[in-house]
Amino acid sequence: MTKSLKTIIFAGTIVSLFLLLMPVVFPLSSEAGADWIVALGRFHILVLHFPIALILIVPVLEILSSFKPLQFVKQTIPVILVLAILFALKACVLGYTLATGEGDSSGLLVTHMWGGIIATVLLIIAFILHQLSSFRLSRLSYFCVLGLSIISLILGTHSGASLVHGENYLTEKIPTPIKSAFQTGKIDEPITKESSAYTRLIKPIFEAHCYLCHSAAKQKGDFRMDEYDLLLYGGESGMAGMEPNSLEDSEVHHRITVDPSKKGFMPPEGNKPLTSDQIALIEWWIKNGASPTQPIKKYAEESLPEAIQKQLSEIP
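Owing to the predicted nature of the structure, the values given are computational and were not obtained by experimental measurement.

Participant: Describe the overall build of the protein, listing the residues and the values that go with them.
Facilitator: If you tally the helices and strands in the protein, you get 13 helices and zero strands. Written out in order from the N terminus, the α and β elements of the protein read α-α-α-α-α-α-α-α-α-α-α-α-α. Burial status across the protein gives 41% buried among its 316 residues. Sequence-distant contacts, at least 24 apart, represent 65% of the contacts inside the protein between residues at least 6 apart. Only carbon and sulfur atoms are counted for the fraction: they give 64% of the accessible area of the protein, which is about 18100 Å².

Here it is in structure tokens:
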């Protein structure tokens, strides 16, 4: 074994141990850090796409280099692997910095973090095996480890995309009956005045505008809105998330109606705010008891804005 290969193995081992021990020695917490930490961590989004592209191009180059006229392509593979490792390492560190600064330790983020770390460590191992590719067993191991790295990358990036866009980003525009069929194995009945007002009218609004930050995947302010009981209970502020019959005591209502220029306004900047009709619908539901099961027909419609009355009048 050459001296340069021993150096590569030593350096790869140190870097891998650093990545694997980083979340263990300095575990994530729900406490937010200083603004400068967040500012530095936000460069994660600028870096993470480079290793993704570079890793995915390696198997393409391997296939191309198997053809005799394109064997020269093989010479570029070690360079691309090194670049992919360097950018992946930077993406892991910046991503961890961002999570530390924002005080995010949700399950989805942890999945995203470990997906990126494991993909990077496997990529380092793949590069070492590539340097040993004169041995047949090492060559086979190289392709196996490279494949595992890509699988880990896919899982990590999927959870990362869910963090940014929400877990239902790919499915939110799918017609409800089709979406329900995939999720529950049965097609939802068409909405009627016998349907639950919460399930068919209110919950879809929360799902579209609030679940990104307040669901099982991510619990900003220790508050979840994806389960009715947790929606009522509220979060770390101590105020009820939703108080039946009382708009004043419902923090969700306060947050969606406060002056948009103020810090507490929800959804936060960069996310699509609720429409006036959606807010009116939520107010109508709260003032009439905020029941999770009450059918639409049991609620009073007289106090609703005309647009909402028209919407409900179209329901059979």
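Participant: Go over the packing of aromatic side chains, please, and point to the residues and values.
Facilitator: Two numbers describe a pair of aromatic rings. These are the distance of the centres and the angle of the planes. Under the criterion given, the structure shown has four aromatic pairs. Here the aromatic rings of Y198 and Y228 are separated by 5.4 Å at their centres, their planes lie at 70°, and the arrangement is edge-to-face. On the criterion of sequence distance, the pair formed by Y198 in helix 9 (residues 197-209) and Y228 in helix 10 (residues 228-233) is long-range, its members being 30 residues apart. On the basis of an interplanar angle of 15° and a centroid distance of 5.3 Å, the ring pair of Y198 and W285 is categorised as stacked.

Participant: Explain the packing of helix 4 (residues 49-65) against helix 5 (residues 77-102) residue by residue, including any values.
Facilitator: Packing of helix 4 against helix 5 leaves a shortest axis separation of 8 Å and a crossing angle of 155°. By the angle between their directions, the pair helix 4 and helix 5 is classed as roughly antiparallel. The chirality of how helix 4 crosses helix 5 is left-handed. For the pair helix 4 and helix 5, the contacting residues are F50, P51, L54, I55, I57, V58, L61 and E62 in the first and I77, I80, L81, L83, A84, F87 and A88 in the second. For the contact of helix 4 with helix 5, the residue count by class is 14 nonpolar, no polar and one charged.

Participant: Before we move on, could you go through the nonpolar core and cite the residues and values that matter?
Facilitator: Within the largest apolar cluster, 26 residues are counted, with the highest numbers of intra-cluster contacts made by F206, M225, L231, M242, I282 and W285. Of all the secondary structure elements, the ones that give two or more residues to this core are helix 9, helix 10, helix 11 (251-257) and helix 12 (276-287).

Participant: Tell me what's going on with a nonpolar patch on the surface, and back it up with residues and numbers.
Facilitator: A contiguous nonpolar surface patch, about 620 Å² in accessible area, is contributed by I57, V60, I63, L64, F67, L70 and F72. Topologically, I63 is positioned in helix 4.

Participant: Could you give an account of the layout of surface pockets, with specific residues and numbers?
Facilitator: Here the second largest pocket is characterised by a volume of approximately 210 Å³. Taken together, I8, A11, G12, V15, V82, I85, L86, L89, I124, F127 and I128 make up the full set of residues lining the second largest pocket. When contributions to the lining of the second largest pocket are tallied by element, the ones reaching two or more residues are helix 1 (3-25), helix 5 and helix 6 (107-131). Residues that form the lining of the second largest pocket fall into these classes: 10 nonpolar, one polar and no charged.

Cut-offs and rules
- Residues numbered from 1 in each chain as written.
- Predicted model: local features only at pLDDT ≥ 70, side-chain atom pairs only at ≥ 80, totals over all residues.
- Heavy atoms only, no water.
- Helix = DSSP H or I, 4+ residues; strand = E, 2+ residues; numbered from the N terminus.
- Buried < 20%, exposed > 50% of the residue type's maximum accessible area, 1.4 Å probe, protein only.
- Contact = heavy atoms within 4.5 Å.
- Areas by Shrake-Rupley, 256 points an atom, 1.4 Å probe, with all protein chains shown as cover.
- Phe/Tyr/Trp six-rings, centres within 6.5 Å; stacked < 30°, edge-to-face > 60°.
- Axes fitted to C-alpha atoms, helices over the stretch in contact; angles between N-to-C directions.
- Parallel < 35°, antiparallel > 145°, perpendicular 65-115°, else oblique.
- Left-handed = near helix turned anticlockwise from the far one by under 90°.
- Nonpolar A, V, L, I, M, F, W, Y, C, P; charged D, E, K, R; others polar.
- Core = buried A, V, L, I, M, F, W, Y, C linked by side-chain atoms within 4.5 Å.
- Patch = residues over 30% accessible without salt bridge, like charges linked within 9 Å, V, L, I, M, F, W, Y side chains within 5 Å.
- Salt bridge = Lys/Arg side-chain N within 4 Å of Asp/Glu carboxyl O.
- 1 Å grid on protein atoms, 1.4 Å probe; cavity = no way out; pocket = protein on both sides within 12 Å on 5 of 7 lines; lining within 4 Å.
- Points joined across faces, edges and corners; volume = space filled by probe spheres on them.

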